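Observations on the model geometry
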Amino acid sequence: MDAGRFRTALRLLATALERNTEPDLAVRIMLNLSHVESALGDQLAALRWCDEAARLADTPPTRALVHSQRATLHLNNGDAERAAALYDLAVPALTGSARANALMNRGVLHLQQWRNDLARRDFQEAARLYDAGADETGWAQAMHNDGYAALQAGELVVALEAMDTARGHLADLSPVAAAVCDQDIAEALLAAGQTREAVGLILGAARVFAQSRLRQHQGECEATAARVLLFSDPRRARRLARQAARRLRGTGSEWWALRADTVALAAEASLFPPDKAWLDRADETSRALRQLGLDHPAQLLDLLAARQAVTTGDLNRATALLRRGRTTERDSLTERLLESVALAARSLARGRRRQALADLRRGLDLLHHWQSTFGSLDLASGVAGSGRALALTGIRVALASQDPALVFEWSERTRELSSRVVPVRPPHDPELAADLSRIRRLTITEPEEGSPEADELSRLRGRVRHRVWLSRGSGQIGEVVEPSDLVSSLGAEDALVSYVWDRRRLHALVITDDTRVVIELGPQEPLVERLAGLQADLDMAASRWNPALANAVRASRDRRLTELARMLVDPVLSSVGDRRLVITPAGLLSGLPWSMLPGFIGRPVTVPVTATRWLATRGVPVPQEAAFVAGPDVARAIEEVKQSAARWPGAVTLTDDAATVAATLHAADGADLLHVSAHGRHAVENPLFSGVLLADGPLFGYDLDRLAQVPDVVILSACEVGRSTQRWAEESLGMVNAWLHAGARCVIASPAAVADDEACEVLQDVHRLMAGGTPPGVALAEATADRPTSFVCFGAGW
């Protein structure tokens, strides 16, 4: 049974019952038969076995066992009240593994009623009892359930840690046991914003259950998969949820079927404008959920319906639903964020903008406090999707006001929701370092798809990501800077240009010492159209061609850059004058080579994550200690680093076989300046596996956690490592983010391919200027004034 082979278990138990002559043992066999029939979806047969067992049970412990099994059947049938009463009757009379089993089931009941503290208490006592009885499987199952309870309580890192540990013990039992683990881990990944991984895991688990004809588990998986797909593919989510509801009703599990109905309703709400019929069905489902004691899903549905009621103009109904779904501090973040969105929508409908913004700020603060518990940049940016609706509403309200101060505040709040979290340096993890070394060896020549090496590479990459997710955060968040503080810091020399996107139109906020203005730049479509071919144009222009073709390629690139400059640069030039620029781009502009846009060429430009971050890290001191590294197979890399290093007395230079990852990290640790000239690659699917190729393989974003002290200035003379993968529109992740998150103040890198000759010559000039005291962002502008390149100064360039 532990391995999930229920039909085999059914046959063996029937044989055991035929051969048994002991009444007490017969009761236990019958209760196991009841459990197996229930798992196979035959609830009536399960009840009959309980009735048979009850007739034979003549001692308090065996009667308690019957109570416990009956409670589980009532729990499956949605009768939480009877189940709770029977568990409370059974648990005190049981000892050892029997008590542990009852505690496990009562814990599940507590989970479904969202009493997470009680659930964790039951699971943790069960784990102790299993451990005392040397029952490793039982212990691991209790650990897994405790992790699930932690997930419901919002303790994501604790949940992932417990589930990972449990899976290590349970997955080898059988494919079904592994699938049971994966079903819940997928929910944890969904909460972590890792939807791609969650979809793969949950659909894989559903296939395993389908092959084993475990319809209840299959239906539960389909309902979970539907929830995972709600944001990315609501049509598929609706289809899967309806399919799950039918399957679950077929097994007699109205409890779970109603939960699937809730997902189907949520999917419909995102597909079609809500109407009274939808609201009526939501109300009916919510009441049915509450009748079965499923207050939490009912609350979630009420809050979703409240938001939809506002859009239909029925504010009285919205108020009633908000009252019924009211949250407390004990409710999960999901409900509390949804409540903030619904409250803000109602306030806006009543014309109360100030109240709406207060609701949105409160919701985002909740999200940021949650994010601050994660030490992983990957995880913190992944969960930012939970605040997407809040951030988008806030920026739309601010833009509608045309108040520059309000637009500035919401530009900062919505720009990379993870940026307010105060990062923490993780402790050294030797197992993580060993995995990264193995990945490096495997990726020197990318293995063929389907080969054993490719499978190992995939497994190792997954393990590295999971290990990093388990890092604990600082628990601290920073405050958004006030516009007056920004203006005094900009002085007469600098200007802030913040590009703000409300998913329909693009706007530019310009702030200088004498100007605060919001400029509408137009609809997004023409901009998106021109951005679509920019990457290819830049990459093509960096390649070697015959003169005629090279001219044609560059002409195409320059034409596109001129068109983009007409949309993005020309409207702001009169406001910024000849000032240096601090640019905070909208997510869709993250790949732009700003210094190549006509109007910005030769002008110092720096691109921080937020203006708040720029203020906190600006004033980069002149580097004193420098390290230079040349990777293999780049024609002028050694020349570039040696000529550049000559500008810095005592600089460390690593070339040829000496340019390993370990040597580079050793040289970088404590240096003020690091320059790496190498081949680069941005990993779109796993951005923190982006890297620069050194003598023994790539230096990844994950490797940066091994640095005790990160250089202030990092120069990456490599193709495309200035690119980033966009998450939730404004969240980006890549090599540059990894360096800035680790503590670098300024990173010079290119979002596109760069020609070796161009990089070699331009960056030598950058070092000549920097060594003379010129800040890196200004040095880059001076060095490229008459030969624009795609290098961008990220972070605080001065």
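Please refer to the structure placed before this passage.
Because the structure is predicted, anything quoted here is derived from the model rather than measured.

1. Points about the sheet that holds strand β4 (residues 580-584)
Spatially, β3-β2-β1-β4-β5 is the arrangement adopted by the five strands of the open sheet, whose pairing is mixed. Looking along the sheet, the strands with just one partner apiece sit at the ends: β3 (516-523) and β5 (605-606). The pairing of strand β1 (residues 494-501) with strand β2 (residues 505-511) spans six bridges and is antiparallel. Looking at the pairing, Y499 lines up with A508 of β2.

2. Concerning the pairing of β3
Sheet topology note: the β2/β3 ladder contains seven bridges and is antiparallel. In the strand pairing of β3, I511 is matched with R516.

3. Observations regarding helix α16 (residues 295-311)
Compared with the 24 Å implied by 1.5 Å per residue over 17 residues, the 25 Å span of α16 between its first and last C-alpha is a close match. In terms of burial, α16 is largely enclosed, as 13 of its 17 residues are buried. G313 sits one or two positions beyond α16 and adopts a positive phi of about 90 degrees.

4. A short note on the pairing of β2
Most of β2 is tucked away, with six of its seven residues classed as buried. The hairpin turn running from β1 into β2, its antiparallel successor, is three residues long, and R503 in that turn takes a positive phi close to 75 degrees.

5. A few points about the sheet that holds strand β11 (residues 697-700)
The strand order β9-β10-β11 describes an open sheet built from three strands, whose pairing is antiparallel. Edge strands, defined here as strands with exactly one partner in the open sheet, are β9 (680-681) and β11. Where β9 and strand β10 (residues 691-694) come together, two bridges link them in antiparallel fashion. Across the sheet, the residue bridging to G680 is V692, located in β10. Where helix α32 (residues 661-668) meets the sheet, it contacts β10 and β11, and its direction lies at approximately 35 degrees from that of β11.

6. A look at the state of the cysteines
Two cysteines joined by a covalent bond between their sulfur atoms form a disulfide. According to the stated counting rule, one finds zero disulfides in the structure shown. Here C719 stays free of any disulfide, with the sulfur of C760 as its closest cysteine sulfur at 14 Å. For C719, a relative accessible area of 24% gives the class partly exposed.

7. Points about helix α33 (residues 735-742)
With seven of eight residues buried, α33 lies mostly within the body of the structure. Here α33 has its buried residues at M735, V736, N737, A738, W739, L740 and A742.

About the criteria used
Residues numbered from 1 in each chain as written. Predicted model: local features only at pLDDT ≥ 70, side-chain atom pairs only at ≥ 80, totals over all residues. Heavy atoms only, no water. Pairing = 2+ DSSP bridges. Helix = DSSP H or I, 4+ residues; strand = E, 2+ residues; numbered from the N terminus. Expected span 1.5 Å × (residues − 1). Buried < 20%, exposed > 50% of the residue type's maximum accessible area, 1.4 Å probe, protein only. Contact = heavy atoms within 4.5 Å. Axes fitted to C-alpha atoms, helices over the stretch in contact; angles between N-to-C directions. Disulfide = S-S within 2.5 Å.

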